[in-house]
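Structure at a glance
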Amino acid sequence: MAEDNSPLDRDARLRRLRFRAWHRGIKEMDLILGHFADETLDSLSDSEVDEFESLIGIEDTTLYNWVTGRENVAPEHDTALFARIRTFKHMKGPLWQR
């Protein structure tokens, strides 16, 4: 089946990813991925959206341990996009603006 890459399909995909980013299993990952999705998804290339979608599929505890540096990131996910997520520059609020 051929994939339709129309702007409407991309918009629907990004809406689904935003929802998934904000509705994880643990609140910490909701905040990290949800803010990142809100701030950057629209500007990502299609391949970066693919990477983000792949990260969304990772189990919360594993992903949280990667983000916080408690565990080494799996090589296939150790990308520039993941490094951007780990910077927390997309976070909002007084604790993050110090």
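Description of the structure in this document. From a predicted model like this one, the values you see are computed outputs, not experimental measurements. (Residues numbered from 1 in each chain as written. Predicted model: local features only at pLDDT ≥ 70, side-chain atom pairs only at ≥ 80, totals over all residues. Heavy atoms only, no water.)

**Side note on helix 1 (residues 7-22)**
- Compared with the 22 Å implied by 1.5 Å per residue over 16 residues, the 23 Å span of helix 1 between its first and last C-alpha is a close match.
- Taken together, the buried positions of helix 1 are occupied by Ala12, Arg13, Leu14, Leu17, Arg18 and Ala21.
- Where the residues of helix 1 are buried, they touch helix 2 (27-40) and helix 3 (46-56). (Helix = DSSP H or I, 4+ residues; strand = E, 2+ residues; numbered from the N terminus. Expected span 1.5 Å × (residues − 1). Buried < 20%, exposed > 50% of the residue type's maximum accessible area, 1.4 Å probe, protein only. Contact = heavy atoms within 4.5 Å.)

**What about the nonpolar core?**
- One finds Leu33, Phe52 and Leu63 to be the most contacted residues of the largest nonpolar core, which totals 23 residues.
- Breaking this core down by element, the ones donating at least two residues are helix 1, helix 2, helix 3, helix 4 (60-68) and helix 5 (80-87).
- Sequence-distant contacts of phenylalanine 52, that is, excluding residues within four places in its chain, are made with Leu17, Ala21, Leu33, Phe36, Ala37, Leu41, Leu81 and Ile85. (Core = buried A, V, L, I, M, F, W, Y, C linked by side-chain atoms within 4.5 Å.)

**Comments concerning the side chain of asparagine 65**
- Tracing the backbone shows asparagine 65 in helix 4.
- By relative accessible area, asparagine 65 is classed as buried at 12%.
- Engagement of the side chain of asparagine 65 in a polar contact is seen with the side chain of glutamate 71, the distance being 3.0 Å.
- Residues in contact with asparagine 65, not counting those within four places in the same chain, are Arg70 and Glu71. (Polar contact = N/O pair within 3.5 Å; in protein donor to acceptor, adjacent residues only side chain to side chain.)

**Section: the packing of helix 3 against helix 5**
- Axis separation between helix 3 and helix 5 bottoms out at 9 Å; the angle between their running directions is 65°. Seen along the crossing, helix 3 lies across helix 5 with a hand that is right-handed. Taking contact as the criterion, the partners of Glu48, Glu51, Phe52 and Leu55 in helix 3 are, on helix 5, Leu81, Phe82, Arg84 and Ile85.
- Among the residues making up the contact of helix 3 with helix 5, the classes are represented as five nonpolar, no polar and three charged. (Axes fitted to C-alpha atoms, helices over the stretch in contact; angles between N-to-C directions. Left-handed = near helix turned anticlockwise from the far one by under 90°. Nonpolar A, V, L, I, M, F, W, Y, C, P; charged D, E, K, R; others polar.)

**So, helix 2**
- In a regular helix each residue adds 1.5 Å, so 14 residues correspond to 20 Å; helix 2 covers 20 Å between its end C-alpha atoms and thus fits that length.
- When helix 2 is considered as a whole, its buried residues turn out to be Met29, Asp30, Ile32, Leu33, Gly34, His35, Phe36, Ala37 and Thr40.
- Of the surrounding secondary structure, the elements contacted by the buried residues of helix 2 are helix 1, helix 3, helix 4 and helix 5.

By themselves these figures say nothing about function.
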